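Structure at a glance
Spelled out, the chains give:
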Amino acid sequence: MKLPSTPAMIRIFRILAVAEAFSWAALLVGMFLKWVTHTTELGVEIAGPIHGAFFIGYGIAALSLWGMQRWPFRVALFAGLSAVFPFATVWFERWADRHGYLTAKAGQGASTPAQETAGV
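Starting afresh in each chain, residues are numbered from 1 along the sequence in its written order. Thresholds applied to this predicted model are a pLDDT of at least 70 for local features of residues and 80 or more for the giving and counting of side-chain atom pairs; totals over whole chains, interfaces and linings are not thresholded and use all residues. To get the side-chain values, all heavy atoms of the structure are used, and hydrogens and water are removed first.

Regarding the overall build of the protein chain
Rules: By definition, any uninterrupted DSSP run of H or I lasting at least four residues is a helix, any uninterrupted run of E lasting at least two residues is a strand, and each is numbered from the N terminus. Accessibility here uses a 1.4 Å probe with only protein chains present; expressed as a share of the type maximum, an area under 20% marks a residue as buried, one over 50% as exposed, and anything in between as partly exposed. Note on contacts: a residue pair is in contact if any heavy atoms of the two residues lie within 4.5 Å. With residues, only the protein chains shown are counted as cover, and all accessible areas are computed by Shrake-Rupley using a 1.4 Å probe.
Across its full length, the protein chain carries 5 helices and 0 strands. From first element to last, N terminus to C terminus, the protein chain shows the α and β order α-α-α-α-α. Burial statistics for the protein chain: of 120 residues in total, 32% are counted as buried. Taking all contacts inside the protein chain whose residues are at least 6 apart in sequence as the whole, residues at least 24 apart take part in 71%. Counting only carbon and sulfur atoms, one obtains 72% of the accessible surface of the protein chain, whose full area is about 7,400 Å².

A look at the environment of I60
The topology assignment puts I60 in helix α2 (residues 42–69). When the C-alpha atoms of I60 and G80 are compared, they prove to be 9.7 Å apart, with 20 residues separating the residues in sequence.

If you want it as structure tokens, here you go:
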């Protein structure tokens, strides 16, 4: 199985960071409707699995970038912890970008067509 290129994985990570934050918001609204207003459980039933999927996807993307970008352990730890707190994934994504952790290093771009045909 071929992994995505580093720039593609960075894009995926960024998208998942924002999606995970929005799904947190939807889940919080669902929990409010379920536990505070006692009106419906539908919000939790819908937002819960969606948030779970984005949470897992974000975690996998963070682990992938930890290896691909050779992040220090503390950066990977912050990436993982950010998924636990509502909306922190967006904060982490912006922090990591400012500190250069979400910038593809030279030689980590997509393979060239010549490399693909040569089986590299």
